[in-house]
Amino acid sequence: MKRLLTVVYSVFILIMLCNYLFYRSLYHKQLNYIFELLDRQVQIVGLEVDKTNNGFLSDLNQINFDGDLTSFFSNGENRKLAIEKMKLFFSKYQTFITAIKYYDNSRNEFTLKQDTESDNIEWLESQPYITHVQSEIFNMEKLTEENRRFNYYLPVYNKSNQTIGNLVVTIDFQKYFREIFTTFNLQDYQWQWVISDSGEIIFNNYEGEIKYTNLEKITNRLAEGSVESTVHNAIINGEREEIISSYYSTQLLQRDLGLVFSAPTAFFQKYIVRNSFFIVIGTLLLIQVIIYFFWRYLKKQESEREKLETSEKMLFRLIEEMPVGVIIYNRKRQILKANKVAAEEYSYKNEEDMEGKVFPEILHTGTEVPVSGTTLHPDQFIIVKKASGDIVLYRKGIPVIFRGEDCTMEILIDVTLLESARKQEVKASEAKSEFLSRISYEIRTPLSGVIGMTDLLSKHDLSPEAKDLVRLLRGSTEVLVGIINDILDLSKIEAGNMILDEKPFNLREEISFCTDLAKTHIPPESLRLSAIVDESVPDTVIGDPFRLRQILTNLLNNSIRNTDEGEIRLKCSVNESNEGQLKLGFELADTGKSFDKAALKRIFGDAESLESGTLTTNDELTFGTSLSRHLIQLMGGNLVTESPSGLTDGLGVKLMFTVNVYSNERVNKNIPVQKILTYDSLRALVISGIARDEESLAILHQTGMFLTVTTFLKSTVNQLKSNLNIAGDRYNLIVIFDDESINGFDVASALWHNKVAQSFIIMMISSNDKKGNYMKSVTLGIDDYLIKPVTASEIRNNLKKHFPFIGEGSAENEINAGLNGLKILVVEDNKLNLKVIGTMLENMGYHFDIAEDGYTAFLQASSKKYDLILMDLNLPEIDGFEASQKILKVDKSVKIAALTADIMPETRRKAELAGIVDFIAKPVRTEELKRLFLTHFKKK
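Residues numbered from 1 in each chain as written. Predicted model: local features only at pLDDT ≥ 70, side-chain atom pairs only at ≥ 80, totals over all residues. Heavy atoms only, no water.

*Asks:* Which residues make up a nonpolar patch on the surface, and what values go with them?
*Replies:* A cluster of nonpolar side chains, Leu-286, Ile-290, Phe-294, Tyr-297 and Leu-298, forms an exposed patch at the surface whose accessible area comes to about 470 Å². With respect to the helices and strands, the residue Phe-294 is situated in helix H5 (residues 266-321). On the basis of relative accessibility, which here comes to 37%, the residue Phe-294 falls in the partly exposed class. (Patch = residues over 30% accessible without salt bridge, like charges linked within 9 Å, V, L, I, M, F, W, Y side chains within 5 Å. Areas by Shrake-Rupley, 256 points an atom, 1.4 Å probe, with all protein chains shown as cover. Salt bridge = Lys/Arg side-chain N within 4 Å of Asp/Glu carboxyl O. Helix = DSSP H or I, 4+ residues; strand = E, 2+ residues; numbered from the N terminus. Buried < 20%, exposed > 50% of the residue type's maximum accessible area, 1.4 Å probe, protein only.)

Rendered as structure tokens:
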């Protein structure tokens, strides 16, 4: 500890020494900075004074020359002009002068002043007057002092070069220097003063009492015209202080002056000493605090070390006493520590023999699992070969630090007996499955005959009552077949591997079917069965109708078996609704037997009753109620029972259970479906992956729709939004492929969140169907979810649901046969494209002319009238936009349709501005040309 304190205090002294050197260097740097600052400031002001001195005399002489002062008192116009010149001069040097006076040798006199107390500039000018005494006229420029102010006399000469008067300017040096030094005066930090060539201080803006030393040296240097800095002393308020002064030699109106900028050095010394003092004290305190906490840390470390030693001893004892094998080994798999159990498992005499040995690698490898059917990885088990027989060890490795080294602690548990028991259980389960399969086969044989007969009966002309009986009989056989399937898959149900179906169904019809089927088993005169469905329950939901039918049928049959007379009441309502998911609540109450809590548990498995009854009976666990509980849990709900039911005092059982389903409410689409009359008038955008599904595209083509195929990009959403503004060419349908190359639900999600899905019918064709896809389709605004393989007729049937005005006829039947007389011009520079378009038009019965560039098209359209021009936008000479504008100036009635591979919204807008009325994307399809003729040339 003493050595530590010595080191710490040595560091402290070193820090103090470094602080001293640092602040000493900082002080000298600060002084150099102040020297440079004062030098720069005094030179700036000195140059300004020089400028004032030079400009003042020049501007004053200008008044004499321009104002013609010889006729000042005799000529009113000249006097007016001269006075304006004086005012201009006065305004320019208002910080320097206080008055201007002019008098001549005829005792005429004029004065001009400015009212400094007024907010606005007001001139105080006297009318020319004659004095009683002739003022002295100086023949030379002269500066005289009067009452601490100075008068500067400028002689005025006539044409004969005789002095006829003086122009006198009253100078206030104090005011001038006060104004010019205002910007730089910082009181105690920096001040300014002016010294004359005689050593007299004529201006000083220091507010306190001050007396300077070394003035003789400064005066001599100023006389030599020097611009320098010096360090000298000054008596400030009775105390001697060191100051820095920078001086500049200048002249102002025949006076040799020195401008001096001064700053005290004590200010910076005190600033640095004050800051260094606080920093040093703070450093000292900080070091003391660090020493204190470090001392406490060492004490704590000592205590922790003792605790660790105690913990290590306890750990070693625990390892020795643990009933499982424990082995600690390093990265080289060398065993550092083991216990007796591990030594016995690996047939060593004792644990000391294992230390230093290499821990063997796992003997079990590959896909074979030693504990069959387990969900654990094979590497978690070790098979150890022994003379008495193989043993199976379950292993769990834990990373530890042992004696300062990264190690692994293996915990080995002998599970040989558990594996033997599990194998016996597997054999029993296989025997059970074989037995159930045999029973299923025996039951299915007569059931097949019953189902066949019900099919035959349904084809006969039966009365309504007989038809209902046949329907109920067929439904019952289907339920029985389903139960048989569930019996065979009971192990799968208990393991949670059963997959529920997801499809829309009518909930009220399912409840009605179950109650109608149950009524066939009860005497109507003694027992009444009713079903009440709340108005909040939607008609159609998405879920597994067959599993719900099983639940209701089994539970109703259980109530019927336990109820001889009275009432059985079934209620259905919506308990919760959250973002399309519904929790349906069912309540089934009867007036039959009552049961105690233990009996209810035996009948309904793990379901708990809320109230214990007083009666007991020969209750027994039935397969139907147990299966119903499993299915309810599988559908996300739970089953609760209570007895009595509350319908009759002390009697009956009430079952309350919930199941989760999804709402089948579809998004209302804003689409003008009444305009879609034929399949080929239906425009669809197909969004495919990079690898196109040509098989599905071929089926879509068979429907007769007009298709545009694209891959999904970030810009696709904006293109679809722009497409909504194109009345004639807007898409009505979006087909999304969902396969390995594209996640269709990502596309649908982007359309939904960008509020695009509400404006299109959306169909998804999926080759990647899995649980939850149907519900995703509903929530993302997908109208049809189709699973491959699909057929053209299946797609047409789905389209008819959304476009009810669509017919089987083709748009081609609506084209007027007389339209083959249209005069058409095709403007295309690509020979292959021209051949394709020409063949399409010829097959449709149209004749046309050809132009291979925009300028040729303009010349042809100028000499011949056309009804339709098919214009490529990318052309030599002049492009399709400019060519269209030129043609429309000649013939405004012609209709121009663009042919382009560029389908961006910007291109469409540019085409519209050029007067183009339609837009056909390349590659051109016959359906698009038919649509063009139908849109613009259909018979009225």
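Resuming the write-up.
*Asks:* Run through helix H17 (residues 744-753), naming residues and quoting values.
*Replies:* What H17 keeps buried is the set Gly-744, Phe-745, Val-747, Ala-748, Ala-750 and Leu-751. Looking at the packing, one finds that the buried side of H17 touches strand E26 (683-688), helix H16 (715-723), strand E28 (733-738), strand E29 (761-766), helix H18 (773-779) and strand E30 (784-787). Measuring from the backbone nitrogen of Phe-745 back to the side-chain oxygen at the start of H17 gives 3.0 Å, which picks out Asn-743 as the cap. One or two residues past the end of H17 sits Lys-755, with phi positive at roughly 60 degrees. (Contact = heavy atoms within 4.5 Å. Polar contact = N/O pair within 3.5 Å; in protein donor to acceptor, adjacent residues only side chain to side chain.)

*Asks:* Explain the pattern of salt bridges to me, and be specific about the residues and the numbers.
*Replies:* Within this structure, the stated rule accounts for 20 salt bridges. The salt bridge involving Asp-59 is made with Lys-92; its shortest N-O contact spans 2.8 Å. Within this pair, whereas Asp-59 is found in helix H1 (residues 2-67), its partner Lys-92 is found in helix H2 (residues 76-92), the two being separated by 33 residues in sequence. For Asp-59, a relative accessible area of 21% translates into the label partly exposed. Judged by its relative accessible area of 55%, Lys-92 falls in the exposed class. Measuring nitrogen to oxygen at the nearest pair gives 2.3 Å for the salt bridge that ties Lys-831 to Glu-852. With Lys-831 in helix H20 (residues 831-843) and Glu-852 in the loop between strand E32 (848-851) and helix H21 (854-863), this pair connects stretches of sequence that are 21 residues apart.

*Asks:* Explain the packing of H21 against helix H22 (residues 880-890) residue by residue, including any values.
*Replies:* Close contact between H21 and H22 brings their axes to 9 Å; oriented N to C, the two are set at 10 degrees. On the basis of the axis angle, H21 is roughly parallel to H22. The residues of H22 that touch H21, namely those facing Gly-854, Ala-857, Phe-858, Ala-861 and Ser-862, are Ala-883, Lys-886, Ile-887 and Val-890. When the residues that make up the contact of H21 with H22 are grouped by side-chain class, the tally is six nonpolar, two polar and one charged. (Axes fitted to C-alpha atoms, helices over the stretch in contact; angles between N-to-C directions. Parallel < 35°, antiparallel > 145°, perpendicular 65-115°, else oblique. Nonpolar A, V, L, I, M, F, W, Y, C, P; charged D, E, K, R; others polar.)

*Asks:* Now, about the sheet that holds E29: what can you tell me, with residues and values included?
*Replies:* Spatial ordering of the open sheet is given by E27-E26-E28-E29-E30, a layout of five strands whose pairing is parallel. This sheet does not close on itself; its edge strands, each paired only once, are strand E27 (706-711) and E30. The average angle at which neighbouring strand axes cross in this sheet is 20 degrees, direction not considered. Across six bridges, the pairing between E26 and E27 is parallel. By the bridge assignment, Val-686 is partnered in E27 with Val-709. (Pairing = 2+ DSSP bridges.)

*Asks:* Lay out unusual backbone geometry with the relevant residues and their values.
*Replies:* Note that the residue after Ser-643, namely Pro-644, is joined by a cis bond; omega there is 5 degrees. Its place among the elements puts Pro-644 in the loop between strand E24 (639-642) and strand E25 (654-663). Of note in this structure, Arg-333 is not a glycine but carries a positive phi near 65 degrees. By the element assignment, Arg-333 lies in the loop between strand E14 (325-330) and strand E15 (335-338). With relative accessibility at 17%, the residue Arg-333 sits in the buried group.

*Asks:* Tell me about the sheet that holds strand E31 (residues 824-827), residues and numbers included.
*Replies:* Read from one edge of the open sheet, five strands run E32-E31-E33-E34-E35, paired in parallel fashion. With partners counted over all chains shown, the strands left at the sheet margins are E32 and strand E35 (918-921), one partner each. Averaged over all neighbouring strand pairs, the angle between strand axes comes to 20 degrees, with direction disregarded. Sheet analysis places strand E34 (residues 895-900) next to E35, joined by four bridges and oriented parallel.

*Asks:* Outline the packing of helix H15 (residues 694-702) against helix H19 (residues 792-802), supporting the account with residue identities and numerical values.
*Replies:* Each pair of packed helices can be described by the angle between their axes along with the distance between the axes. For the pair H15 and H19, interaxial distance at closest approach is 8 Å and the crossing angle is 60 degrees. The pairing of H15 with H19 is recorded here as oblique in orientation. When the axes of H15 and H19 are compared, the crossing they make is right-handed. Two secondary-structure elements touch here, H15 through Ile-699, Leu-700 and Gln-702 and H19 through Ala-792, Ile-795 and Arg-796. (Left-handed = near helix turned anticlockwise from the far one by under 90°.)

*Asks:* Could you give an account of the pairing of strand E18 (residues 405-414), with specific residues and numbers?
*Replies:* Here is the key point about a regular strand: its side chains alternate between the two faces of the sheet. Bridge count for E14 against E18 is six bridges, and the pairing is antiparallel. Residue pairing for E18: Ile-328 is matched across the bridge by Met-409. With antiparallel pairing between neighbouring strands as the criterion, strand E17 (residues 391-402) and E18 make up a hairpin whose turn holds two residues, including Arg-403 at a positive phi of roughly 55 degrees.

*Asks:* Explain the packing of aromatic side chains to me, using residue names and the numbers behind them.
*Replies:* Inspection of the entire model under this criterion finds 29 aromatic pairs. Ring plane angle 45 degrees and centroid distance 5.0 Å describe the contact between Phe-89 and Tyr-93, whose orientation is recorded as tilted. Residue Tyr-93 is classed as buried on the basis of its relative accessible area, which comes to 8%. Their ring planes at 85 degrees and their centres at 5.3 Å tell us that Phe-90 and Trp-123 sit as a pair that is edge-to-face. On the criterion of sequence distance, the pair formed by Phe-90 in helix H2 and Trp-123 in strand E3 (residues 123-125) is long-range, its members being 33 residues apart. (Phe/Tyr/Trp six-rings, centres within 6.5 Å; stacked < 30°, edge-to-face > 60°.)

*Asks:* Outline the environment of Ser-643, supporting the account with residue identities and numerical values.
*Replies:* Note that Ser-643 resides in the loop between E24 and E25. In the structure, Ser-643 is positioned ten residues away from Val-653 in sequence and 4.6 Å away in space, judged by C-alpha atoms. Side-chain polar atoms of Ser-643 contact the backbone nitrogen of Phe-595, separated by 3.1 Å. In terms of polar contacts, Ser-643 uses its side chain to reach the backbone carbonyl oxygen of Gly-652, at 2.9 Å.

*Asks:* Please provide a residue-by-residue account of the nonpolar core, values included.
*Replies:* Counting residues in each nonpolar core, the largest one holds 53 residues, and the members touching the most others are Phe-56, Met-86, Phe-96, Ile-97, Leu-167, Ile-171 and Phe-177. Sort the elements by how many residues they give to this core and H1 lands first, with eleven residues. If we ignore the near neighbours within four places in the chain, the residues touching Ile-171 are Phe-56, Phe-96, Ile-97, Arg-149, Phe-150, Tyr-152 and Leu-253. Ranked by size, the runner-up nonpolar core spans 42 residues in total, among them Phe-513, Leu-584, Phe-604 and Val-653. (Core = buried A, V, L, I, M, F, W, Y, C linked by side-chain atoms within 4.5 Å.)

Limitation: the analysis is restricted to geometry and does not speak to function.
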